[in-house]
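# Topology and contacts: notes
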Amino acid sequence: SGADAAVADQYDLVVIGGGTAGISATSFAGQFGANCVMIESNRVGGDCTWSGCVPSKSLIKASHDVHAAKEAHQFGIGISQPLADMKKVKEYVWDKINKVAAHDLHLLQDNNVPLRYGKAMFIDPNTLELKTKEGEIQQIKSRAFILCLGAV
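Residues numbered from 1 in each chain as written. Predicted model: local features only at pLDDT ≥ 70, side-chain atom pairs only at ≥ 80, totals over all residues. Heavy atoms only, no water.

With that settled, consider the overall build of the protein. Counting its regular elements, the protein contains five helices and eight strands. If you list the helices and strands of the protein from N to C, you get α-β-β-α-β-α-α-α-β-β-β-β-β. Along the first, second and third principal axes, the C-alpha atoms of the protein reach 80 × 35 × 20 Å. Going through the 152 residues of the protein one by one, you find that 34% of them count as buried. Taking the intrachain contacts of the protein between residues at least 6 apart in sequence as the baseline, contacts between residues at least 24 apart amount to 58%. Working note: accessible area of the protein is about 9,500 Å², and carbon and sulfur atoms make up 57% of it. Placing the 15 positive and 16 negative side-chain charges of the protein at their respective mean positions leaves the two points 7 Å apart. (Helix = DSSP H or I, 4+ residues; strand = E, 2+ residues; numbered from the N terminus. Buried < 20%, exposed > 50% of the residue type's maximum accessible area, 1.4 Å probe, protein only. Contact = heavy atoms within 4.5 Å. Areas by Shrake-Rupley, 256 points an atom, 1.4 Å probe, with all protein chains shown as cover. Lys, Arg positive; Asp, Glu negative; His and termini not counted. Charge placed at Lys NZ, Arg CZ, Asp CG, Glu CD.)

The following block contains the structure:
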């Protein structure tokens, strides 16, 4: 109805969840010109960026490099006993996490996908109620929704 349009924001697509799947969905939709929004309750990137794939792969890379240095003597390369400076390893891991997180946000911006933080709840098949971290209630209407909720 006309009254609903005045109180609710309208989108072609609402993606709930800002992890890898949500970023892929919004990027894809944005590239095709869909008017779409992402809703995230915590921080963009999800488990993969913040506690899974990115930090674990960064730690694996560091451990492989230390191992390679220890084995370098096989190739006639003389290196004193390599030691990992864990403070620098941690800085390396956080650097990689922050680069991926920034890239994720740029993907949203490049595809003109607004990002809203809060908790979403369906109030009817085409309407969400978004409760922001500040406690504000917003209504969002869409004809399509993609739930990218991760490993909840």
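Having put the structure on the table, let's press on.
The next point concerns a nonpolar patch on the surface. Side chains of Phe75, Ile77 and Ile79 sit close together on the surface and give an oily, nonpolar patch of about 340 Å² of accessible area. By the secondary structure assignment, Ile77 is in the loop between α4 (53-71) and α5 (86-110). Judged by its relative accessible area of 45%, Ile77 falls in the partly exposed class. (Patch = residues over 30% accessible without salt bridge, like charges linked within 9 Å, V, L, I, M, F, W, Y side chains within 5 Å. Salt bridge = Lys/Arg side-chain N within 4 Å of Asp/Glu carboxyl O.)

To continue, consider the layout of surface pockets. Taken as a whole, the largest pocket spans an internal volume of roughly 560 Å³. As for the largest pocket, its lining consists of 27 residues, and the residues nearest its centre are Gly17, Glu40, Ser41, Cys148 and Leu149. Breaking the lining of the largest pocket down by element, the ones donating at least two residues are α2 (20-31), β3 (36-40), α3 (46-50) and β5 (119-124). Within the lining of the largest pocket, the residues separate by chemical class into twelve nonpolar, eleven polar and four charged. (1 Å grid on protein atoms, 1.4 Å probe; cavity = no way out; pocket = protein on both sides within 12 Å on 5 of 7 lines; lining within 4 Å. Points joined across faces, edges and corners; volume = space filled by probe spheres on them. Nonpolar A, V, L, I, M, F, W, Y, C, P; charged D, E, K, R; others polar.)

Of the two faces of strand β2 (residues 13-16), the one lined by Leu13 and Val15 and the one lined by Val14 and Ile16 are each fully buried. With four bridges connecting them, β2 and β3 associate as parallel partners. Residue Leu13 lies in a different strand from β3, and its bridge partner there is Cys36. Handedness of the crossover joining β2 and β3 through α2 is recorded here as right-handed. (Pairing = 2+ DSSP bridges. Right-handed = clockwise from strand over helix to strand, strands pointing away.)

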